[in-house]
Structures are given as C-alpha cells and as structure tokens.
Amino acid sequence: MYFFFAMIWCLLGFLPGYLASSCYNPPSDLCNNNLIEIPDLQSRDPSILYTNTLSHWKYCDVYAIDTNKWYKSDSPMTSQCPSMYMCGTKYPIWMNGQNPRQEEGLVNRTSCLRDFDTCCLRTYRLSAINCGQFMAYCFVDLPSSCRQRYCFDRVQY
C-alpha cells in the first residue's frame, strides 16, 4: 500500500527531499553559472586555529551556508582529517574521499565531523563537481551546531 502512495506522490511531482534536491539535479550549465562563493574561505584552511573572533555567528555554517544551493571555491575541500580547533572552528568537517577529477563530472560524497575521539563522529552528504578553474559544492546536510564548519585547503586551482 505504501508503495502505491509513493508512486502517486512521485507522479504528481512530490519527490522525497533528498531526491528533489538541487544537489542531485543541478542545471546542465552548472560550471558556467554565477555561483555563490564559499563564505569566509580564507579562514577555513586546516592551518587556521579557532579563536574567539571566529566564534562569531557569521563564521557559523548553520547560518553562512544554505542547503541545496551550489557554491564555488577556488580551493578544494579538505580531504584529510584535520586536527580539532582547526579550520577556524572547534569541530572541522572534511570530505571523506577525494575531490572529483574534472572528467568524473558530478559526484556525491560524504563529509565527516571531527571530534575529540574520532575523525568521523557524524557524516553529512554533499555533491561536488570539478569545473576546471574551480570546484562547485552543494551541501545536502548542514552542521547541527555553530562549532562545526566545512574545511577548505588553501591550494588554488
């Protein structure tokens, strides 16, 4: 019975949130669009220590980043577990896996929340594409607190 109602919803255009997400259905010209820059990119490198200044709400990804919107970055997302209190936050979030190569096109990845005991306490979903001159990211899940923040390496494309 559930399957029947699910089919009706899909036929009427009501897809579950994770399937209807613009992260999974981006525009075909994604790399040519004017994408939003990752906010405060300069303070997201694994070498940036968390300070009282960076505890301000404007550095909080709960407020700084929206789900299901595409962002561009001249720097790739960090793909190795950073130390605690780095990336301008207490609990850094890093990509579990490699950033995509240009020929891979759109990929789905998981990011991990670093805490005191483990490199992957919690996972968050995202989509990524290598546009050649920059990377584009779409965050399906956002951090659950302001002391959690996505990390990006200073290496530029």
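Below, the structure is looked at part by part.

Scoring rules and cut-offs
- Residues numbered from 1 in each chain as written.
- Predicted model: local features only at pLDDT ≥ 70, side-chain atom pairs only at ≥ 80, totals over all residues.
- Heavy atoms only, no water.
- Helix = DSSP H or I, 4+ residues; strand = E, 2+ residues; numbered from the N terminus.
- Buried < 20%, exposed > 50% of the residue type's maximum accessible area, 1.4 Å probe, protein only.
- Areas by Shrake-Rupley, 256 points an atom, 1.4 Å probe, with all protein chains shown as cover.
- Pairing = 2+ DSSP bridges.
- Core = buried A, V, L, I, M, F, W, Y, C linked by side-chain atoms within 4.5 Å.
- Phe/Tyr/Trp six-rings, centres within 6.5 Å; stacked < 30°, edge-to-face > 60°.
- Lys NZ or Arg CZ within 6 Å of the ring centre and 35° of its normal.
- Contact = heavy atoms within 4.5 Å.
- Polar contact = N/O pair within 3.5 Å; in protein donor to acceptor, adjacent residues only side chain to side chain.

## Topic: the overall build of the protein
Part 1 of the reasoning: Looking only at helices and strands, the protein has three helices and seven strands in total.
Part 2 of the reasoning: Each helix and strand of the protein, ordered N terminal to C terminal, gives the series α-α-β-α-β-β-β-β-β-β.
Part 3 of the reasoning: For the protein, the residues scored as buried account for 43% of the 157 residues in total.
Part 4 of the reasoning: Accessible surface, the protein: about 8,700 Å² in total, of which carbon and sulfur atoms supply 54%.

## What to know about the pairing of strand β3 (residues 91-96)
Part 1 of the reasoning: Taken across its six residues, β3 has five buried, putting it largely inside the fold.
Part 2 of the reasoning: Inspection of the sheet shows β3 paired to strand β7 (residues 148-150) by three bridges, in the parallel sense. The partner of isoleucine 93 across the bridge, within β7, is tyrosine 150.
Part 3 of the reasoning: Where β3 lies against strand β4 (residues 107-113), four bridges are found, and the strand directions are antiparallel. Each residue of the ladder has a partner; that of methionine 95, found in β4, is serine 111.

## Let's talk about the nonpolar core
Part 1 of the reasoning: Ranked by internal contacts, the top residues of the largest apolar core, which has 19 residues, are Ile38, Met77, Leu126, Tyr137, Phe139, Tyr150 and Phe152.
Part 2 of the reasoning: When residues of this core are traced back to their parent elements, those giving at least two are β3, β4, β5 (122-130) and β6 (135-139).
Part 3 of the reasoning: The next biggest cluster of nonpolar side chains, apart from the first, holds ten residues, and it includes Cys23, Leu35, Cys131 and Ala136.

## Quick word on the packing of aromatic side chains
In this description, a pair of aromatic rings is defined by centroid distance and the angle of the planes.
Part 1 of the reasoning: The full count for this structure, using the stated rule, is seven aromatic pairs.
Part 2 of the reasoning: Ring geometry for tyrosine 91 versus phenylalanine 116: centroids 6.1 Å apart, planes at 85°, classification edge-to-face. One end of the pair, tyrosine 91, is in strand β3; the other, phenylalanine 116, is in the loop between β4 and β5, and 25 residues separate them in sequence.
Part 3 of the reasoning: Grouping aromatic residues by their ring pairs yields a cluster made of Tyr71, Tyr137, Phe139, Tyr150 and Phe152.
Part 4 of the reasoning: In this arrangement the basic side chain of lysine 72 is found over the ring face of phenylalanine 134, its NZ or CZ atom lying 4.5 Å from the centre.

## Thoughts on the environment of proline 39
Part 1 of the reasoning: Note that proline 39 resides in the loop between β1 (36-37) and α3 (61-64).
Part 2 of the reasoning: Accessibility expressed as a relative area gives 19% for proline 39, which makes it buried.
Part 3 of the reasoning: When near neighbours in sequence (up to four residues on either side) are disregarded, proline 39 contacts Arg44, Ala64, Ile65, Tyr71 and Arg149.

## Topic: the sheet that holds β7
Part 1 of the reasoning: In spatial order, the strands read β1-β2-β6-β5-β4-β3-β7; together these seven strands make up an open sheet with mixed pairing. Each edge of the open sheet carries a strand with a single partner, namely β1 and β7.
Part 2 of the reasoning: Inspection of the sheet shows β1 paired to strand β2 (residues 70-73) by two bridges, in the parallel sense. Directly across from glutamate 37, in β2, lies its bridge partner lysine 72.

## Considerations on the side chain of aspartate 45
Part 1 of the reasoning: Tracing the chain through its elements places aspartate 45 in the loop between β1 and α3.
Part 2 of the reasoning: Of the polar contacts made by the side chain of aspartate 45, one reaches the side chain of serine 47; its length is 2.6 Å.
Part 3 of the reasoning: With sequence-adjacent residues up to four places away left out, aspartate 45 is seen in contact with Cys87, Phe152, Asp153 and Arg154.

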